[in-house]
Structures are given as C-alpha cells and as structure tokens.
Number of protein chains: 2
Amino acid sequence: MRYLQKASGKEELYNREKLLRSLVLSGLDERSAADIAEEVEKIRTTREIYEAVRQILLRKNPEVAARYSLKDAIMRLGPTGFPFEEYMAELLRRNGHDVLTHQFIRGRCTTHEIDLLIDNEIIGECKYHNERGIYTGLKEAMYTYMRFIDIRQVRELKGVILVTNTKFSDQAIEFSGCYGLNLLGWKYPPGEGLEVKIERSRMYPITVLSGLIPEDEIAELVKFGVVSTRDLIEKEVKVGDKALEVAKVLYETELNEHS
Amino acid sequence: MRYLQKASGKEELYNREKLLRSLVLSGLDERSAADIAEEVEKIRTTREIYEAVRQILLRKNPEVAARYSLKDAIMRLGPTGFPFEEYMAELLRRNGHDVLTHQFIRGRCTTHEIDLLIDNEIIGECKYHNERGIYTGLKEAMYTYMRFIDIRQVRELKGVILVTNTKFSDQAIEFSGCYGLNLLGWKYPPGEGLEVKIERSRMYPITVLSGLIPEDEIAELVKFGVVSTRDLIEKEVKVGDKALEVAKVLYETELNEHS
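The following refers to the structure shown. (Residues numbered from 1 in each chain as written. Chains lettered and ligands numbered in written order. Predicted model: local features only at pLDDT ≥ 70, side-chain atom pairs only at ≥ 80, totals over all residues. Heavy atoms only, no water.)

**As for the sheet that holds strand β4 (residues 111-118) of chain B**
Through backbone hydrogen bonds, the strands of a sheet pair up, either in parallel or in antiparallel fashion.
All names here are of chain B.
Next up, step 1: One open sheet accounts for 5 strands, arranged β3-β4-β5-β7-β9; its pairing is mixed. The outermost strands of the open sheet, each flanked by one partner alone, are β3 (99-106) and β9 (182-184). Looking at each pair of strands side by side, their axes are set apart by 35 degrees on average, direction ignored. (Pairing = 2+ DSSP bridges. Helix = DSSP H or I, 4+ residues; strand = E, 2+ residues; numbered from the N terminus. Axes fitted to C-alpha atoms, helices over the stretch in contact; angles between N-to-C directions.)

**Some remarks on the interface of chain B and chain A**
Next up, step 1: The interface is formed by 22 residues belonging to chain B together with 22 residues belonging to chain A.
Next up, step 2: Of the roughly 2,000 Å² buried where chain B meets chain A, counting both sides, 62% is carbon and sulfur surface.
Next up, step 3: When residues of chain B are sorted by the area they lose upon contact with chain A, B:Met142, B:Met146 and B:Tyr179 head the list and together hold 28% of the total.
Next up, step 4: At the boundary of chain B and chain A, one finds 4 salt bridges.
Next up, step 5: Salt-bridge contacts for A:Glu125 lead to B:Lys139; the nearest nitrogen and oxygen are separated by 3.6 Å.
Next up, step 6: Remark: the boundary between chain B and chain A carries 14 residue pairs in polar contact (both at pLDDT 80 or more).
Next up, step 7: Elements with a contribution of two residues or more to the side of chain B that touches chain A: β4, α7 (138-152) and α8 (170-179) of chain B.
Next up, step 8: Element by element, the count of residues in the side of chain B that touches chain A is highest for α7(B), at 9 residues. (Contact = heavy atoms within 4.5 Å. Buried area = accessible area lost by both parts, 1.4 Å probe. Salt bridge = Lys/Arg side-chain N within 4 Å of Asp/Glu carboxyl O. Polar contact = N/O pair within 3.5 Å; in protein donor to acceptor, adjacent residues only side chain to side chain.)

**Regarding α8(B)**
Next up, step 1: If you check which residues of α8(B) are buried, you get B:Ala172, B:Phe175, B:Ser176 and B:Tyr179. Relative to the axis of α8(B), the buried residues are bounded by an arc of 95 degrees and lie together on one face. Opposite the buried face of α8(B), by more than 90 degrees, sit the exposed residues B:Asp170 and B:Gly177.
Next up, step 2: If you follow the buried residues of α8(B), they end up packed against α7 (138-152) of chain A together with β6 (135-136), α7, β8 (167-168) and β9 of chain B.
Next up, step 3: Downstream of α8(B) by one or two residues, B:Gly180 has phi in the positive range, about 85 degrees. (Buried < 20%, exposed > 50% of the residue type's maximum accessible area, 1.4 Å probe, protein only. Arc of directions from axis to C-beta.)

**Regarding the packing of aromatic side chains**
Centre distance and the angle of the planes are the two values used to describe a pair of aromatic rings.
Next up, step 1: In total, this model carries 13 aromatic pairs over all chains according to the counting rule given.
Next up, step 2: Chaining the aromatic ring pairs together yields one cluster made of A:Tyr145, A:Phe148, A:Phe175 and A:Tyr179.
Next up, step 3: The ring of A:Tyr179 has B:Arg108 sitting right over it, with the charged end atom 4.9 Å from the ring centre. (Phe/Tyr/Trp six-rings, centres within 6.5 Å; stacked < 30°, edge-to-face > 60°. Lys NZ or Arg CZ within 6 Å of the ring centre and 35° of its normal.)

**Quick word on the relation of the copies chain B and chain A**
Next up, step 1: Laying chain B over chain A is done by rotating through 180 degrees and shifting 0.0 Å along the axis; what remains is an RMSD of 0.1 Å. In the structure described here, the two chain copies are related by an operation that fits a two-fold rotation axis. When C-alpha distances to the rotation axis are compared across chain B, the minimum falls at B:Tyr143, with a value of 2.2 Å.
Next up, step 2: A share of 100% of the interface residues of chain B reappears at the interface of chain A, consistent with the copies meeting face to face through the same patch. (Least-squares fit on C-alpha atoms with pLDDT ≥ 70 in both.)

**A look at the environment of A:Arg76**
All names here are of chain A.
Next up, step 1: Relative to the helices and strands, Arg76 resides in the loop between α5 (70-75) and α6 (82-94).
Next up, step 2: With a relative accessible area of 26%, Arg76 lands in the partly exposed category.
Next up, step 3: Sequence separation of Arg76 and Ile206 is 130 residues, and the distance between their C-alpha atoms is 9.5 Å.
Next up, step 4: Setting aside residues no more than four positions away along its own chain, Arg76 makes contact with Arg47, Arg54, Tyr128, Thr207 and Ser210.

**Observations concerning the side chain of A:Arg54**
All names here are of chain A.
Next up, step 1: Mapped onto the secondary structure, Arg54 falls in helix α3 (residues 46-60).
Next up, step 2: Of the residues examined, Arg54 reaches a relative accessible area of 0% and is grouped as buried.
Next up, step 3: Excluding anything up to four places from it in sequence, Arg54 contacts Ala65, Tyr68, Ser69, Arg76, Thr207, Val208, Ser210 and Gly211.

**Re the state of the cysteines**
Next up, step 1: Inspection of every chain in the model, using the stated rule, returns 2 disulfides over all chains.
Next up, step 2: Covalently, A:Cys109 is tied to B:Cys178 through a disulfide, its sulfur atoms 1.8 Å apart. Handedness here is read from the sign of the S-S torsion; for A:Cys109 and B:Cys178, about -60 degrees, the answer is left-handed. Residue A:Cys109 is located in the loop between β3 (99-106) and β4 (111-118), and its partner B:Cys178 is located in helix α8; the two belong to separate chains.
Next up, step 3: Taking the relative accessible area as the measure of exposure, A:Cys109 reaches 2% and is therefore buried. (Disulfide = S-S within 2.5 Å.)

**Overview of unusual backbone geometry**
The phi torsion of most residues other than glycine is negative, and most of the peptide bonds are trans.
Next up, step 1: Omega for the peptide link from A:Tyr188 to A:Pro189 comes to -5 degrees, which places this bond in the cis form.
Next up, step 2: Position of A:Pro189 relative to the elements: it lies in the loop between β9 (182-184) and α9 (194-200).
Next up, step 3: With phi around 45 degrees, B:Glu236 is a residue other than glycine that occupies positive phi space.

**Some remarks on the environment of B:Tyr179**
Next up, step 1: Examined against the element boundaries, B:Tyr179 turns out to sit in helix α8.
Next up, step 2: Taking the C-alpha atoms as reference points, B:Tyr179 and B:Gly133, 46 residues apart in sequence, are found 26 Å from one another.
Next up, step 3: For B:Tyr179, the residues in contact, after removing those within four places along its chain, are A:Arg108, A:Cys109, A:Met146, A:Asp150, A:Gln153 and B:Tyr145.

Take a look at the structure:
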C-alpha cells in the first residue's frame, strides 16, 4: 500500500493501473508504459508523478507527451482567457478560416465584445477555465446565444459558437442542440472535440514543452503570439535544441490516431 | 497625517471627512457624527474603525447603524447565494407578492431552475456577490433574459427581473432597458433601489445585529429562515435583550427618509 500526496494535500492510494491506462490511452505501448511506471515509482506526490512521466515521455515519445499533457498544457497557457482566445483564433486560421479577435459589434440593444469573428459571419465566445473539474454550463450557453439574437437583429450572421477548454454540462448541450448554438470543447462534439482538432492541426500549445523551455521564456513567447509548437517551427523561433527537436517531431509526425 | 491599515494590508490616509460624510448620509446629525469620529480615532485598521462606528451606533442610533452597515450586512448573509434568495423572497412577500423559490420550470429547450417565481407569472434571477467592488454585468442580464425567452415559448409569463446585491454595469442597464428586463440592485433603479426597499419594509438583514448576537447563532437563525430583524420580532425569536431591543427600534421607528 503506497499513498501519494495530492495537490489538495489529501492522500490518495497510488494506482499503478490508472497511470498505465492513461499512458496507453495517450498512445504508448504497454511495455513502455510499464517502464515509465517503474521509473517514477519512487516519487511522493501525484503532481511529481505526472511531471516525471511527462519529462520521460518528452525525451522518448514527444507525440505521446503532447497528448498526455494536452489538457494541462491548455490550462497553463495563461491564468487569463486571453492566450486561449489567441490560440483558438490561430487553430481556426490553420483550418482555413479568417478570424478576428476582440471585435466590438453593435447589436440592437448594446455593443458586444466578440472574442472571435469567424469569416465575418460567425461569432464565437471563448470560455476559458484555468482550474480543473469545472464545466461550462447553461448560463454561458444562454448568454452566448442571447448575444447572437441581439446582433442578428441588426446585422447578418450565419452562426454562433461557444468554445471552451473544459467539458460542457448536459444542460448546456441540451439547450445548444435545440437552438443551434455550436459547441466546441473538451471531448465535445464526440470524436470532434478540441483535443482532436488540436492533434489534427498539430497545433499543440507551446506549454507542452514546459520543462524544455524556461517558464518565463514560454510566457514571453505567448505574449508575442507564439502559442503552438507549430508556430515555433514555422516562425523559426530560437529556443533550445531539445525543445526545437521535440517541436519538429510534433510537427512532422504522421498522425497516429488512437481510439 | 495618520495612516490606517486596510483589509488588503495596504495603508490608506485616514480621512475624517469621509467618515463624517458616510455617517451623515446614513442619517446621523453632524454633532453626533463628530462625537463618533472622536471615539474611534484611536483605532488602527479601516475595518476596526468601521466595526467600532457600527457598535457605537447600534447602542445610540440603531436605525442609523442598520443603514450604515446595510451593504455589508447583506454581504454577511452568507458566503453562498442561498440566504440572499430567501431574503429577497421574504422582502417581496412583505410587499404583497406570492413568491416561490427554487422552482424547476420547463422552457422550450431546457429545464430552468428559477430562483424566484413571483405571483406565478414573473421569473426572478438572483445574482449574489459576497465581495465588494463587483458589478453585475451584461452576461448576467443576457442569460436571465434568454431564460425568459426560452420559458415564454411554452408558458405564459408577464415579466422577468434580475436582482443583485451589487451595482449594475452600464451595459447591463442599457441592454435591460431596451428589452424590458427589470433590474433591482444596489442604488438601482435610482431612488427605488434595494436599499430603499429594505428600509421601507423594515426588513434589515439580521446580520445588522452582528456583535449583539453571536455569529454562530446568526448563522443558525438564517438557516431556519429568520433572515431579517423584522422576522426576529414577528416570529418572537429568543435572542439577547440588547439585540431584541435594537430589533424593536428598527421595527417600530417611523421612517426617517434621508436624501
């Protein structure tokens, strides 16, 4: 029986199977997963385990590392929603859209600050949470749709989308499906969620390289719009050799889709 | 030059004029205000000053004390919104309305939890903030109105109101005025705000008696639906003599409206 200390300070029974499962789900073979488990089993907190696993993966299987830490990496994009909006705009641009951020658009009854204006005809609201375990819910769906109603009365719009880095509540999904509000979030829509779109576009947040690039340098890069590992390559940003090498692997790897 | 330590730990220049002004605005005469200022001028933090002023007033001018500490007393009703909703329901009942709290009502596209259902034809959303300096804004106004739209498609409704213990942002006011969403908050509508309705109904939150009733006893009373000083009298609740005496004064005092 081995206990780990969680971020909350509580203790949790160490669960080797759980670690192995999350590694295999991230695309690692069982043998390598077992090796990693062995390497990290001297560590005391869940956070330390997670970080150690991530560092080993970054050296050995960068694309697994990126997938394994994706959710966490998005959280670390910023304490505020700003980098997430820029990141989402960039992701949409890579998928062929024209995207403007932070546009002020007059509706019938007030002026709205629109996070994303897509192809000049779709408005997008970004809801960013930098804590785990939070759902984006009915209220966010309702105010996003109300914005759409208000603007549509004075200007042509083709659609509206609510984007988040978390999951959606069942109520938000029910409401949105009924009114035709599009949703994009963690594992939603099923099989076409944010995590899938990120992998397909090889747009891993630059924060997946945390540990290979100093934190203050990452913060600086994000500030100047270098938000993904793909940006690092295409904009030929000078970072350390190891970071660049991993970014290249992530850029060039053939997609190895996992179920 | 005298500095006070604020709640934030920062220092603020002590401003005797500011204290006198807030006392006079609460309905105290200038002479008594000056006496109080003198009594409290040995104290070190703004919070201690405020508490000392409140305690002196409770002994000498309970109705001024209640008014002086009203905003703070509402904040202290609870860390969650629950007691505020019960308090608002009670306030509306005292004004002749039938009010149900926490009703689940089916709209066209989802089921809504309605904080207040007034006379079976008006829905009310309560937005409670337990920190100072926060505005209730456009997003709250938009989701409240969207709820109304969704329900109105399947059930007759006469109106919708958003109630808060804070101020409203200019955008919330602009949006709401245009769509006919009613607002009730701190000093809004002007001259008819929450603070005025509370005074007129002599429905001071029980937390204005903080210091005269032990905190855990107040928490217990709130839990059992005794949310105002008026409840204390009408439900003949047994609390200490001093608290009861003040509650009686607040119950019986002729309204002495201040500008």
